[in-house]
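# Fold and geometry: a report
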Amino acid sequence: MERFKTAKLVRILLTFAAIMVAAVFLLLSNSLLKKLREEEYHKMEIFAKAYETLNKAKKNDDLSLVLSIITSNKTIPIAILNYDGDINSTLNINVPAHADSVSYLKERVSAMRAKGNELKLDYTNPDTNRFQYIYVCYDDSVLLKSLAVFPYIELAVLVIFIIAVISSLLGFNKSAQKSVWVGLSKETAHQLGTPISSLMAWTEILQSDYPDDEHIQEMGNDVKRLELIADRFSKIGSTPKREPSDLVSMLDRVINYMKRRSPDNVRFNFSSTAESLIVDVNVSLLEWVVENICKNAIDAMNGSGTLTIALTQNEQIVSIEISDTGKGIPKHCFKTVFQPGYTTKQRGWGLGLSLAKRIVSDYHKGKVFVKSSELGVGTTFRIELKK
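Residues numbered from 1 in each chain as written. Predicted model: local features only at pLDDT ≥ 70, side-chain atom pairs only at ≥ 80, totals over all residues. Heavy atoms only, no water.

## Let's talk about the overall build of the protein chain
If you tally the helices and strands in the protein chain, you get 8 helices and 11 strands. The contacts in the protein chain between residues at least 6 apart in sequence include a share of 66% that link residues at least 24 apart. In the form shown here, the protein chain has an accessible surface area of approximately 24100 Å², with 57% of it arising from carbon and sulfur atoms. (Helix = DSSP H or I, 4+ residues; strand = E, 2+ residues; numbered from the N terminus. Contact = heavy atoms within 4.5 Å. Areas by Shrake-Rupley, 256 points an atom, 1.4 Å probe, with all protein chains shown as cover.)

Shown next, in the form of structure tokens:
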């Protein structure tokens, strides 16, 4: 459990670090954009002064420098308005071919003035000889607009890269975990093989000597049970064979087995919407899933309560619901309980529900999840299998 808490903490720290890097990156980008915008504003001040000088110039004045300043602007869109507010001329504004030029220019100028991108120039009306103003309106250059968008594009690429790296790491961890579980399961089956064979031989000898002894017969049943468990472990990691099987009979067997090995104060209820329900499953592994959930339910009830198993179906799926009257599961742990290593017991590896999820999801293409739970009231697990 501590391992998963550490992994979760690492993911949180990585996410926080990514957010901090993104925030610093955006702050630096915005600072750079602010400086570039101020620089363009100063350029426009120089342009406005040059245009004002051009309007006030006399016939013999040298205007080469003024004209050089005005014509040097190749990037900043400019619209010059006369004293009546009408557009007198434009610079670096391309009207789209499909657009009405007058309407388009008016919209651009309105947008410029709304941003406050406007400079007033002194002007004397030659018709009335009155002092008035003309206006130079400007917009951000193409370069500045591109730079304003570029940080967000880089940020999106960074986020995608981080997600891809984390996904790859998670995929690698899952693959490594799967290899560990498969290796552990097969090694367990291999190690159990020899003592089980020996126990089977001894029980056969004892049964031949004492054929009427019920204890020896029950001991033989337990040895067969060990053989079944070893067979289940050996199937982990390989593709188990699925065959049409009756789930009603399977659940009856599981309930009878659990009854004999449960405290007397545990009551079992079983209901089914059909007398027989045939589904393609691997009976051995699916029995293991139901047994694991039932064992956890009995432990949660501390040996006293009611365990209810309900088998239902619709047109597409068959459902097995296992409900107990135990201590319940906190809502934030509904998904955590299926992670390897999760356990609330002092003894145990926390592998039962993890293997159950793998058997149902990977081998049967179904679902197993906590349908509902209330602390102090009980829990309901639900297994869904495709018909």
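## Quick look at the pattern of salt bridges
For the structure on display, the rule yields 12 salt bridges. A salt bridge links Arg261 to Asp222, with the nearest nitrogen and oxygen atoms 2.6 Å apart. Here Asp222 lies in helix H5 (residues 214-235) and Arg261 lies in the loop between helix H6 (247-260) and strand E6 (266-272), a separation of 39 residues in the sequence. For Asp222, a relative accessible area of 32% corresponds to the partly exposed category. (Salt bridge = Lys/Arg side-chain N within 4 Å of Asp/Glu carboxyl O. Buried < 20%, exposed > 50% of the residue type's maximum accessible area, 1.4 Å probe, protein only.)

## Focus on the packing of H6 against helix H7 (residues 283-300)
Where H6 contacts H7, the axes come no closer than 10 Å and their chain directions differ by 45°. Classified by the angle between their axes, H6 and H7 sit oblique to one another. Taken as a pair, H6 and H7 cross one another with a handedness that is right-handed. Note on element contacts: H7 touches H6 through Val283, Leu286, Glu287, Val290, Glu291, Cys294, Lys295 and Ile298, opposite Leu247, Met250, Leu251, Arg253, Val254, Tyr257 and Met258. (Axes fitted to C-alpha atoms, helices over the stretch in contact; angles between N-to-C directions. Parallel < 35°, antiparallel > 145°, perpendicular 65-115°, else oblique. Left-handed = near helix turned anticlockwise from the far one by under 90°.)

## A few points about the sheet that holds E6
Sheet strands line up and pair through hydrogen bonds in the backbone, either parallel or antiparallel. The strand order across the open sheet formed by 5 strands is E6-E8-E9-E11-E10, and the pairing between neighbours is mixed. On the outer flanks of this sheet lie E6 and strand E10 (367-374), each paired with one strand and no other. Direction aside, neighbouring strands of the sheet carry axes that sit 15° apart on average. Of the strand pairs in this sheet, strand E9 (residues 317-323) and strand E11 (residues 378-386) are connected by 7 bridges, and their pairing is antiparallel. Considered in E11, the bridge of Glu321 is made with Arg382. Helix-sheet contacts for H6 involve E6, strand E8 (305-313), E9 and E11, and the interaxial angle to E6 is about 175°. (Pairing = 2+ DSSP bridges.)

## Some details on the packing of aromatic side chains
In total, this model carries 2 aromatic pairs according to the counting rule given. Ring geometry for Phe47 and Tyr51: centres 6.4 Å apart, planes at 15°, overall stacked. Taken as a pair, Phe47 and Tyr51 lie in helix H1 (residues 2-56) at a separation of 4 residues, close to a single helical turn. A single burial state applies to Phe47 and to Tyr51, both of which are buried. Measuring from ring centre to ring centre gives 6.1 Å for Phe338 and Phe381, while their planes differ by 85°; the resulting arrangement is edge-to-face. (Phe/Tyr/Trp six-rings, centres within 6.5 Å; stacked < 30°, edge-to-face > 60°.)

## Looking at the packing of H7 against helix H8 (residues 352-363)
Look at H7 against H8: their axes get within 9 Å of each other, and the N-to-C directions meet at 145°. The handedness of the crossing between H7 and H8 is left-handed. Two secondary-structure elements touch here, H7 through Leu285, Trp288, Val289, Asn292, Ile293 and Asn296 and H8 through Gly352, Leu353, Leu355, Ala356, Ile359, Val360 and Tyr363. Here the contact of H7 with H8 is built from residues that sort into 10 nonpolar, 3 polar and no charged. (Nonpolar A, V, L, I, M, F, W, Y, C, P; charged D, E, K, R; others polar.)

## With respect to H7
A rise of 1.5 Å per residue sets the reference length of H7, with its 18 residues, at 26 Å; its end C-alpha atoms lie 26 Å apart and thus fit the reference within 8%. Positive phi shows up at Asn302, right after H7, with a value of about 55°. (Expected span 1.5 Å × (residues − 1).)

## Comments concerning H8
The terminal C-alpha atoms of H8 lie 16 Å apart, and with 12 residues this matches the ideal 16 Å at 1.5 Å per residue to within 8%. Taken together, the buried positions of H8 are Leu353, Ser354, Leu355, Ala356, Arg358, Ile359, Val360 and Tyr363.

## Regarding the nonpolar core
Residues Leu247, Val290, Ile293, Leu307, Leu311, Ile322 and Ile383 are the most contacted members of the largest nonpolar core, which totals 47 residues. Those residues in contact with Ile383 that lie beyond four places of it in its chain are Val289, Val290, Ile293, Val318, Ser319, Ile320, Val360, Lys367 and Val368. (Core = buried A, V, L, I, M, F, W, Y, C linked by side-chain atoms within 4.5 Å.)

## Focus on a nonpolar patch on the surface
A cluster of nonpolar residues, Val21, Leu158, Phe161 and Val165, forms a patch on the protein surface that exposes about 340 Å² of accessible area. For the nonpolar patch, the element with the highest residue contribution is helix H4 (residues 142-209), accounting for 3 residues. You can see Val21 is positioned in helix H1. (Patch = residues over 30% accessible without salt bridge, like charges linked within 9 Å, V, L, I, M, F, W, Y side chains within 5 Å.)

## Considerations on unusual backbone geometry
For Asn92, which is not glycine, the phi dihedral falls at a positive 65°. Looking at the element boundaries, Asn92 is found in the loop between strand E2 (87-91) and helix H3 (101-114). With a phi angle near 55°, Lys365 is a residue other than glycine that sits in the positive phi range. Along the chain, Lys365 turns up in the loop between H8 and E10. Given the relative accessible area of 53%, Lys365 is considered exposed.

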